[in-house]
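# Survey of secondary and tertiary structure
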Amino acid sequence: MTAPVAGKPGAASAAAPAAEPADARPAGAGPADAGPAGAGPAAARLGGQVWVALGIVYVVWGSTYLAIRIALETMPSFLSAAARFLTAGLLLAGFVALRHGREGLRVDLRQLGSSALVGGLLLTGGNGLVVLGENSIPSGLAALVVAVVPLWMVLLTAADGHRPKPVELAGVLFGLVGLGVLSAPAIGGDIAIGGVIAVVCGTVTWAFGSFAAKRIRMPGNVFAASAYQMLAGGLGNLLIGLVRGEQHGLDLGEVSGRSWLALGFLVVFGSLVAYTAYAWLLRSAPLTLVATYAYVNPVVAVLLGWLVLAEPLTGPTLLGGAIVVVGVCLVVSVSRTSRK
């Protein structure tokens, strides 16, 4: 859930899928205009842009768990998250102002409140709790726990009256089985239960935020919406960090170069690029398809742990990763069928 901006070449190209559909929407049009998740116009518009944006979220967010872990080596939890999202939000807002002028950032109070709500749920509750949990549990395990997000999303869409298809439910079950196989070795070790609970709570708030973003009236420009969400989420993380007293004893001179580089990666790629792509996907693709990122991210996180930190790549890891991919393929097949 990374917790994920523009003005830089990489950010502009990665967020490009959002530009045309976002600008083409009437001012003030909300995600609810696209219809219920997994049905109607949203499913009908699936195309190459959706798969490119989804691929960005798959790969980039899978790598952010490792970056968060490195940043936390010498940075406090919520204050580092606040620095990430406030910086990214300001950069993205500047990009919107340069490209569209003041009109690009103009929103009414309802749209601003909606952006603040979604940003608080996704980036303060969702991402902030994951960052907090990674203080006491491995980054790979945090990514594995986040894989339950699609389950919450399927339950939310079902509660909203949209019954999941049997193949879609099978995909969710496959993903959870793969999650169990992947996490079994870690569960048998010495794991801090508080960290696991924090990440689980983060998955719940993230799912609610993603669900709400498709149901409430958001700014018509997806870049502006992302900027306001990141600024709101960053302010929420800042407030929690100050209340927790994380500013006491903080010496920026003692922050390592590794942590600064990790924070920079999180700002540019985790937020400017991937979060904007995710915000656009919430408007343009079925919610259950978007949620498959939570199945793929753990596989990427485990592979990066093997490559970067020399963590063992075991049989259960390979088997669990394969089962996860099967689950993703099942959910994707439903989306392709809906499109046809």
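Residues numbered from 1 in each chain as written. Predicted model: local features only at pLDDT ≥ 70, side-chain atom pairs only at ≥ 80, totals over all residues. Heavy atoms only, no water.

### A word on the overall build of the chain
Rule in force here: Numbered from the N terminus, helices here are DSSP runs of H or I no shorter than four residues, and strands are runs of E no shorter than two. Using a 1.4 Å probe, the Shrake-Rupley method yields the accessible areas, and only the shown protein chains count as cover for residues.
Within the chain, the regular secondary structure consists of 16 helices and zero strands. In the structure as shown, the chain presents an accessible area of about 13,400 Å², 70% of it carried by carbon and sulfur atoms.

### Quick word on a nonpolar patch on the surface
Selection rule: The patch calculation keeps residues exceeding 30% relative accessible area without a salt bridge and links them within 9 Å when they carry like charges or within 5 Å when they are nonpolar (Val, Leu, Ile, Met, Phe, Trp, Tyr). Throughout this description, the term salt bridge denotes a Lys or Arg side-chain nitrogen within 4 Å of a carboxyl oxygen of Asp or Glu. With a 1.4 Å probe rolled over the protein chains alone, any residue whose accessible area is under 20% of its type maximum counts as buried; one over 50% counts as exposed, and the rest are partly exposed.
Taken together, the side chains of Leu303, Trp306, Leu307 and Val308 present a nonpolar region at the surface, about 400 Å² in accessible area. Mapped onto the elements of the fold, Trp306 is located in helix 15 (residues 293-308). Here Trp306 falls in the partly exposed class, since its relative accessible area comes to 41%.

### So, the packing of aromatic side chains
Formally: In this analysis, rings of Phe, Tyr and Trp, with Trp reduced to its six-membered ring, are considered paired at centre separations within 6.5 Å, and the interplanar angle assigns stacked below 30 degrees, edge-to-face beyond 60, and tilted for intermediate values.
Scanning the model with the defined rule gives seven aromatic pairs in all. The interplanar angle of 70 degrees and the centroid separation of 5.6 Å between the aromatic rings of Phe95 and Phe223 together place this pair among those described as edge-to-face. Linking Phe95 in helix 5 (residues 77-100) with Phe223 in helix 12 (residues 222-244), this pair joins segments that are 128 residues apart in sequence. A residue is classified by how much of its surface remains accessible, and Phe95, at 16% relative accessible area, is buried.

### Observations regarding the nonpolar core
Put simply, the rule is: What is meant by a nonpolar core is a set of buried Ala, Val, Leu, Ile, Met, Phe, Trp, Tyr and Cys residues, joined one to another through side-chain atoms within 4.5 Å.
Within the largest apolar cluster, 74 residues are counted, with the highest numbers of intra-cluster contacts made by Trp61, Met153, Trp206, Tyr278, Leu281 and Tyr293. The biggest single contributor to this core is helix 13 (residues 257-284), with 12 residues. Within the second largest apolar cluster, 12 residues are counted, among which are Ala71, Leu72, Val131 and Ala262.

### As for the packing of helix 5 against helix 12
Test applied: Here an axis means a line fitted to C-alpha atoms, over the contact stretch when the element is a helix, while the angle between two N-to-C directions is reported on a 0 to 180 degree scale. Each angle receives one of four descriptions, namely roughly parallel if under 35 degrees, roughly antiparallel if over 145, roughly perpendicular if within 65 to 115, and oblique otherwise. For any helix crossing, the convention is left-handed if the near helix is rotated counterclockwise from the far helix by under a right angle, and right-handed if that rotation is clockwise. Three classes are used: nonpolar for Ala, Val, Leu, Ile, Met, Phe, Trp, Tyr, Cys and Pro, charged for Asp, Glu, Lys and Arg, and polar for all others, with Gly counted as polar.
One way to put it is that helix 5 packs onto helix 12 with a least axis distance of 7 Å and a crossing angle of 155 degrees. On the basis of the axis angle, helix 5 is roughly antiparallel to helix 12. As helix 5 packs across helix 12, the resulting crossing turns out to be left-handed. Its residues assigned to classes, the contact of helix 5 with helix 12 shows 21 nonpolar, five polar and two charged.

### Concerning helix 8 (residues 139-146)
With respect to burial, helix 8 is a largely interior element, eight of its eight residues being buried. Here helix 8 has its buried residues at Ser139, Gly140, Leu141, Ala142, Ala143, Leu144, Val145 and Val146.

### A word on the confidence of the model for the chain
To keep it simple, the criterion reads: Confidence scores labelled pLDDT are given residue by residue by the predictor and lie between 0 and 100. Two residues form a contact once any of their heavy atoms are found within 4.5 Å.
Of all residues in the chain, 81% have pLDDT values of 70 or greater, and the mean over the chain is 79. The low-confidence segment residues 3-44 (pLDDT under 50) makes 100 contacts with residues lying over four places distant or belonging to another chain.

### Considering the packing of helix 4 (residues 48-71) against helix 13
Taken N-terminus to C-terminus, the directions of helix 4 and helix 13 make an angle of 150 degrees; their axes are 8 Å apart at the nearest point. Between helix 4 and helix 13, the crossing angle belongs to the class labelled roughly antiparallel. Classified by chirality, the crossing of helix 13 by helix 4 is left-handed. Of the residues that constitute the contact of helix 4 with helix 13, the class distribution is 22 nonpolar, six polar and one charged.

### Considering the pattern of salt bridges
Following the criterion strictly, the structure yields four salt bridges and no others. For Glu103, the salt bridge identified is with Arg106, shortest N-O distance 2.8 Å. Two residues, Glu246 and Arg244, come together in a salt bridge whose shortest N-O distance is 2.9 Å.

### Here's the deal with the side chain of Glu246
Counted only if it meets this: Polar contact is defined as a pair of N or O atoms within 3.5 Å, subject to the rule that within protein one atom must be able to donate a hydrogen and the other to accept it, and that residues adjacent in sequence are counted only when both atoms are side-chain atoms.
Here Glu246 shows up in the loop between helix 12 and helix 13. According to the relative accessible area criterion, Glu246 is buried, its value standing at 11%. Polar side-chain contacts of Glu246 include one of 3.0 Å to the backbone nitrogen of Phe78. Reaching out from Glu246, the side chain makes a polar contact with the side chain of Arg244 at a distance of 2.9 Å. In this structure, Glu246 is in contact with Pro76, Ser77, Phe78, Leu79 and Gly241, ignoring residues within four places of it in sequence.

### Observations regarding helix 5
Along an α-helix, a turn takes 3.6 residues, which lines up residues three or four apart on a common side. To keep things clear, this is the line we draw: To estimate how far a helix should reach, multiply one less than its number of residues by 1.5 Å.
Taking 1.5 Å of rise per residue, 24 residues should cover 34 Å, and helix 5 covers 35 Å from first to last C-alpha, within 8% of that figure. Gly101 lies just past helix 5 and shows a positive phi near 75 degrees.

### Comments concerning the side chain of Asn297
By the secondary structure assignment, Asn297 is in helix 15. Accessibility expressed as a relative area gives 0% for Asn297, which makes it buried. A distance of 3.4 Å separates the side chain of Asn297 from the backbone oxygen of Val57, its partner in a polar contact. In contact with Asn297, not counting residues within four places along its chain, are Val57, Tyr58, Trp61, Gly62 and Tyr65.

### Here's the deal with the environment of Ala285
Locating Ala285 in the fold gives a position in the loop between helix 13 and helix 14 (287-290). For the pair formed by Ala285 and Val50, sequence separation is 235 residues and the distance between their alpha carbons is 7.0 Å.

### Let's talk about the environment of Leu92
As for its placement among the helices and strands, Leu92 is situated in helix 5. Sequence separation between Leu92 and Ala224 is 132 residues, and the spatial gap between their C-alpha atoms is 7.5 Å.

### Considering the environment of Val146
Position of Val146 relative to the elements: it lies in helix 8. By relative accessible area, Val146 is classed as buried at 0%. Note: C-alpha distance between Val146 and Leu179 (33 residues apart in sequence) is 9.6 Å.

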